[in-house]
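# Observations on chain architecture
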Amino acid sequence: MAENGSKRMKLDDEQAGIVNNGVNLIIKSNEDGEEMVFVSVKRNVKIKKLLRGYCRHASLDYRSTRFVIDHRYFSHDKTPNQLGLEDDDQIDALTDGNGA
């Protein structure tokens, strides 16, 4: 783990479709305030696949975790391309008790 609490989450291809030509994203959990997870995902895979994999990794319940990009909720059935995500964009993971 890096000094600032960040770490890389390792998902297999089935969990998140990790590829070299994907989009690199940051998922920040507001539960502990410091942890940032860096992931790479295919641009044409539904973001739901990534979010479910993140919840498994972080031991969170997907159904009770809310995700926002730039303080806005978004459809989990869309792809990073459809959401207009670019490298180093951040997704915030909110759980009950911290704004969800």
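Residues numbered from 1 in each chain as written. Predicted model: local features only at pLDDT ≥ 70, side-chain atom pairs only at ≥ 80, totals over all residues. Heavy atoms only, no water.

## Observations concerning the pairing of strand β4 (residues 66–69)
As a general feature of sheets, a regular strand has side chains that alternate between the two faces. Examined bridge by bridge, β4 and strand β6 (residues 89–94) share three bridges and lie antiparallel to one another. Paired with valine 68 across the strands is aspartate 92, a residue of β6. In the sheet, β4 pairs with strand β5 (residues 72–73) via two bridges, with the strands oriented antiparallel. Along β5, the bridge assignment pairs valine 68 with tyrosine 73. (Pairing = 2+ DSSP bridges. Helix = DSSP H or I, 4+ residues; strand = E, 2+ residues; numbered from the N terminus.)

## Thoughts on the pattern of salt bridges
Two side chains with opposite charge may pair up if their charged atoms get near one another. Enumeration according to the criterion identifies two salt bridges in this entry. Between aspartate 61 and arginine 63 there is a salt bridge, with the nearest N and O atoms lying 3.5 Å from each other. Exposure remark for aspartate 61: the relative accessible area of 36% places this residue in the partly exposed category. (Salt bridge = Lys/Arg side-chain N within 4 Å of Asp/Glu carboxyl O. Buried < 20%, exposed > 50% of the residue type's maximum accessible area, 1.4 Å probe, protein only.)

## A look at the packing of aromatic side chains
One pair of aromatic rings is described through two measures. These are the centre distance and the angle between the planes. The full count for this structure, using the stated rule, is one aromatic pair. Ring geometry for tyrosine 54 against phenylalanine 67: centres 6.4 Å apart, planes inclined by 80°, an arrangement best described as edge-to-face. In this pair, tyrosine 54 is assigned in helix α2 (residues 47–58) and phenylalanine 67 in strand β4, connecting sequence segments 13 residues apart. The exposure classification of tyrosine 54 matches that of phenylalanine 67, with both residues buried. (Phe/Tyr/Trp six-rings, centres within 6.5 Å; stacked < 30°, edge-to-face > 60°.)

## Details of the nonpolar core
Of all hydrophobic cores here, the largest spans 19 residues; its most connected members are Leu25, Ile47, Phe67 and Ile91. Secondary-structure elements contributing two or more residues to this core are β2 (23–29), β3 (36–41), α2, β4 and β6. The dominant element in this core, judged by the number of residues it contributes, is α2, at five residues. Setting aside its immediate chain neighbours within four residues, isoleucine 47 contacts Leu25, Phe74, Ser75, His76, Lys78, Thr79, Pro80, Leu83, Leu85 and Ile91. (Core = buried A, V, L, I, M, F, W, Y, C linked by side-chain atoms within 4.5 Å. Contact = heavy atoms within 4.5 Å.)

## So, the pairing of β6
Sheet topology places β2 next to β6; five bridges connect them, and they run parallel. Among the inter-strand pairings, serine 29 is bridged to a residue of β6, identified as alanine 93.

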